[in-house]
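# Report on the structure
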Amino acid sequence: QVQLVESGGGLVQAGGSLRLSCAASGRTFSSYTMGWFRQAPGKEREFVAAITWNGGNTYYADSVKGRFTISRDNAKNTVYLQMNSLKPEDTAVYSCAADSRLSTSTLRLAAREYDYWGQGTQVTVSS
């Protein structure tokens, strides 16, 4: 079992930055692909970014490419999402998720492919 806890959300003006953190429990975190998803009010959950177990491969949604960066520190059992140049349309609840297939090099973009989820952290971008 893996427990995920997000932090770092908040209210920021358009053009600002936030860094989200996702702290994981469990010894197998370093073997999991990790992803970030978001869900805005009235909208479906959407993929934001993912990173392989060793950080060797990342993938981003087109809407955040060039503005967001996903990274991980396996020694700290933590994955990060650095968000720059934030826009009002980035407003959502952001959740991290773990794909429990061990040490896979495949990045999965569908929420249903992830096995463990955090509770989420609210990000609000004002115009």
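Here we summarise the structure given alongside this text. (Residues numbered from 1 in each chain as written. Predicted model: local features only at pLDDT ≥ 70, side-chain atom pairs only at ≥ 80, totals over all residues. Heavy atoms only, no water.)

## Some thoughts on the sheet that holds strand 7 (residues 68-73)
Either a parallel or an antiparallel arrangement is found when strands of a sheet pair, and the pairing is made through backbone hydrogen bonds. Reading across the sheet, the four strands line up as 1-3-8-7 and stay open at both edges, with antiparallel pairing between neighbours. Whereas interior strands pair on both sides, the edge strands pair on one side only; in this sheet they are strand 1 (4-7) and strand 7. Averaged over all adjacent pairs, the angle separating strand axes in this sheet is 15°, with direction ignored. Bridge analysis of strand 1 against strand 3 (residues 18-24) gives four bridges, and the strand direction is antiparallel. What sits directly across from Glu6, in strand 3, is Cys22. (Pairing = 2+ DSSP bridges. Helix = DSSP H or I, 4+ residues; strand = E, 2+ residues; numbered from the N terminus. Axes fitted to C-alpha atoms, helices over the stretch in contact; angles between N-to-C directions.)

## Some details on the environment of Gly35
Among the secondary structure elements, Gly35 is positioned in strand 4 (residues 33-39). Measuring from C-alpha to C-alpha, the distance between Gly35 and Cys96 comes to 5.6 Å, with 61 residues separating the pair along the chain. Those residues in contact with Gly35, other than ones at most four positions away along the chain, are Ala49, Ala50, Ser95, Cys96, Ala97 and Tyr114. (Contact = heavy atoms within 4.5 Å.)

## Notes on the pattern of salt bridges
A full pass over the atoms with the stated rule returns seven salt bridges. Here Arg38 ties to Asp90 by a salt bridge, and the two come within 2.9 Å at their closest N and O atoms. Placement of the pair is Arg38 in strand 4 and Asp90 in the loop between strand 8 (78-83) and strand 9 (92-99), with a sequence separation of 52 residues. Exposure class is identical for Arg38 and Asp90. Each is buried. Its salt-bridge partner being Lys65, residue Asp62 comes within 3.1 Å of it at the nearest N-O pair. (Salt bridge = Lys/Arg side-chain N within 4 Å of Asp/Glu carboxyl O. Buried < 20%, exposed > 50% of the residue type's maximum accessible area, 1.4 Å probe, protein only.)

## Some thoughts on the pairing of strand 3
Taking burial as the measure, the seven residues of strand 3 include five buried ones, the bulk of the element. As defined by bridge partners, strand 3 adjoins strand 8 across six bridges and the pair is classed as antiparallel. Residue pairing for strand 8: Cys22 is matched across the bridge by Val79.

## Description of the nonpolar core
Within the largest apolar cluster, 37 residues are counted, with the highest numbers of intra-cluster contacts made by Leu4, Met34, Trp36, Leu81, Met83 and Tyr94. Those elements giving two or more residues to this core turn out to be strand 3, strand 4, strand 5 (46-51), strand 7, strand 8, strand 9 and strand 11 (121-126). (Core = buried A, V, L, I, M, F, W, Y, C linked by side-chain atoms within 4.5 Å.)

## Things to note about the pairing of strand 11
If a strand is regular, its side chains alternate between the two faces of the sheet. Residues Thr121, Val123 and Val125 of strand 11 are buried on one face, while the alternating residues Gln122, Thr124 and Ser126, pointing to the opposite face, are not. Sheet topology places strand 2 (residues 10-13) next to strand 11; four bridges connect them, and they run parallel. Opposite Leu11, over in strand 11, you have Thr124 as the bridge partner. Summarising the sheet, strand 9 and strand 11 pair through three bridges and their orientation is antiparallel. Looking across to strand 11, one finds that Val93 is bridged to Gln122.

## A few points about the state of the cysteines
Going through the model one piece at a time under the given rule, you end up with one disulfide. Each sulfur in the disulfide pair Cys22 and Cys96 lies 2.0 Å from the other. Handedness here is read from the sign of the S-S torsion; for Cys22 and Cys96, about 55°, the answer is right-handed. Placement of Cys22 in strand 3 and of Cys96 in strand 9 is noted, with a sequence separation of 74 residues between them. A relative accessible area of 0% means that Cys22 is categorised as buried. For Cys96, a relative accessible area of 0% corresponds to the buried category. (Disulfide = S-S within 2.5 Å.)

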